[in-house]
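# Chain and residue survey
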Amino acid sequence: MSDNRPKIEGIAERRIARMTALSGGLARVHRVDFVEGMSFVVKSATGKQANLDIEGRMLKYLREHSVLPVPEVIHSEETMLIMRYIDSAGSLNKDAQEDAAHHLSALHNITAEQYGLSFDTLIGGLHQPNKRMDSWIDFFREQRLLYMAEQAYEAGKLPLGVRRRVEQFATQLDDFLFEPDEASLIHGDMWGGNVLAKDGKIAGFIDPAIYYAHAEIELAFSTLFGTFGDAFFAVYNNLRPIEPDFFEVRRDIYNLYPLLVHVRLFGGGYVSQVSSIVSRLGF
């Protein structure tokens, strides 16, 4: 990252005072404080991880099409993403979760005529196809479940037997899901590490994986790692009523996708979680 100092200073038109390493998954991430004031977050990557231009494009899309609080993109290219720093130091307490419900319900009220997006995106650094389709069930089957199961299998992380059971289940999705009235814009990667809070409010959402979807897939993901709980859902349900059987049936189905993403990335215990869900569904 030190090699990028002149480039960062040129883009910012400021002198760097200090650079502090931050956690950031696959990319290298630093907070950059300038002598003249102001702070940026700089991500850098090389090789297969060098797709930061797509992350920048997603953040710009959210800023242009919604009021969701996300970082302002200062500069983006394949190997470097520079964003304005968002100050955050709080937990996702009751007040912050209630605030998040207002933000996400407003995001989900932004709709499109088809599912998918005008460009492919990323989730966890992995390619996420977004070919536009009229049917949500077909989209979820082909571009989420079957696609990521194949990716996980080809990477040697998903056993053939589990893959075949996922594929069998995918043929029966119409028995478990319904076509929503609208395709909603979603953040797409709603776990706690991507939600920044301060003083009982949401400071920002980071690392999106956007597309137009059934909003329930976002709600499901938000429960997978305990990001949101009762406080969030009480407010969200008042703003956008949740259809019956979401928690009992569809939540696990929609969480098969992020679980398959984690299988592709990490394997291990995520395979048993996928297997357990399809078993409970009768496959």
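Computed from a predicted model, the values in this text were never measured in an experiment. (Residues numbered from 1 in each chain as written. Predicted model: local features only at pLDDT ≥ 70, side-chain atom pairs only at ≥ 80, totals over all residues. Heavy atoms only, no water.)

### Side note on the packing of helix α6 (residues 216-224) against helix α7 (residues 230-239)
Where α6 contacts α7, the axes come no closer than 11 Å and their chain directions differ by 170 degrees. Between α6 and α7, the angle is such that the two are roughly antiparallel. For the pair α6 and α7, the crossing hand works out as left-handed. For the pair formed by α6 and α7, the contact residues are Leu 219, Ser 222 and Thr 223 on the first element and Phe 232, Phe 233 and Tyr 236 on the second. Taken together, the residues that form the contact of α6 with α7 break down as 4 nonpolar, 2 polar and no charged. (Axes fitted to C-alpha atoms, helices over the stretch in contact; angles between N-to-C directions. Helix = DSSP H or I, 4+ residues; strand = E, 2+ residues; numbered from the N terminus. Parallel < 35°, antiparallel > 145°, perpendicular 65-115°, else oblique. Left-handed = near helix turned anticlockwise from the far one by under 90°. Contact = heavy atoms within 4.5 Å. Nonpolar A, V, L, I, M, F, W, Y, C, P; charged D, E, K, R; others polar.)

### Thoughts on the sheet that holds strand β1 (residues 16-22)
The 5 strands lie next to each other as β1-β2-β3-β5-β4, forming an open sheet whose pairing is antiparallel. Lying at the two open borders of the sheet, with one neighbouring strand each, are β1 and β4 (73-77). Pairs of neighbouring strands in the sheet enclose a mean axial angle of 20 degrees, with direction left out of account. Taken together, the 6 bridges between strand β2 (residues 28-34) and strand β3 (residues 39-44) define a ladder with antiparallel strand orientation. In the sheet register, His 30 faces β3, and the bridge partner there is Val 42. (Pairing = 2+ DSSP bridges.)

### A few points about the pattern of salt bridges
Oppositely charged side chains can pair when the atoms bearing their charge come close. For the structure on display, the rule yields 15 salt bridges. Measuring nitrogen to oxygen at the nearest pair gives 3.5 Å for the salt bridge that ties Asp 33 to Arg 18. Of the two residues, Asp 33 sits in strand β2 while Arg 18 sits in strand β1, which places them 15 residues apart along the sequence. With its nearest N and O atoms 3.3 Å apart, the salt bridge here joins Arg 240 to Glu 182. On the criterion of sequence distance, the pair formed by Arg 240 in the loop between α7 and α8 (246-266) and Glu 182 in the loop between α5 (160-170) and β9 (183-186) is long-range, its members being 58 residues apart. Salt bridges linked by common partners bring Arg 18, Arg 31 and Asp 33 together as one network. (Salt bridge = Lys/Arg side-chain N within 4 Å of Asp/Glu carboxyl O.)

### Description of the layout of surface pockets
When its volume is computed, the second largest pocket comes out at roughly 290 Å³. Every residue lining the second largest pocket is counted, 15 residues in all, and those nearest its centre are Pro 180, His 214, Arg 240, Pro 241 and Glu 243. Here the residues of the lining of the second largest pocket sort into 7 nonpolar, 2 polar and 6 charged. (1 Å grid on protein atoms, 1.4 Å probe; cavity = no way out; pocket = protein on both sides within 12 Å on 5 of 7 lines; lining within 4 Å. Points joined across faces, edges and corners; volume = space filled by probe spheres on them.)

### Some remarks on the side chain of Ser 39
Tracing the sequence through the fold places Ser 39 in strand β3. Of the polar contacts made by the side chain of Ser 39, one reaches the side chain of Arg 31; its length is 3.5 Å. Contact partners of Ser 39, with chain neighbours within four places excluded, come to Arg 31, Val 32, Asp 33, Arg 84 and Tyr 85. (Polar contact = N/O pair within 3.5 Å; in protein donor to acceptor, adjacent residues only side chain to side chain.)

### Overview of the packing of helix α3 (residues 94-108) against α7
The N-to-C vectors of α3 and α7 enclose an angle of 35 degrees; their axes lie 8 Å apart at closest approach. Taken as a pair, α3 and α7 cross one another with a handedness that is right-handed. Residues Lys 94, Gln 97, Glu 98, Ala 100, Ala 101, His 102, Leu 104, Ser 105 and His 108 of α3 touch α7, and the partners they reach there are Ala 231, Phe 232, Val 235, Tyr 236 and Leu 239. Residue composition of the contact of α3 with α7, by class: 8 nonpolar, 4 polar and 2 charged.

### What about the environment of Glu 154?
In this fold, Glu 154 is placed in helix α4 (residues 136-154). Classification of Glu 154 as exposed rests on a relative accessible area of 56%. Remark: the alpha-carbon pair of Glu 154 and Thr 223, spanning 69 residues in sequence, is separated by 28 Å. (Buried < 20%, exposed > 50% of the residue type's maximum accessible area, 1.4 Å probe, protein only.)

### A closer look at empty space enclosed by the protein
It is a probe the size of a water molecule, rolled over the atoms, that shows where empty space is left. Applying the stated criterion across every chain, the model contains 1 cavity of 30 Å³ or more. By volume, the largest cavity is sized at about 60 Å³. Taken together, Ile 123, Ile 186, Gly 188, Tyr 211, Ile 217, Glu 218, Phe 221, Tyr 257 and Pro 258 make up the lining of the largest cavity. At the level of secondary structure, the elements contributing two or more residues to the lining of the largest cavity comprise α6 and α8. Of the residues forming the lining of the largest cavity, the biggest block, 3 residues, is contributed by α6. Its residues assigned to classes, the lining of the largest cavity comprises 7 nonpolar, 1 polar and 1 charged.

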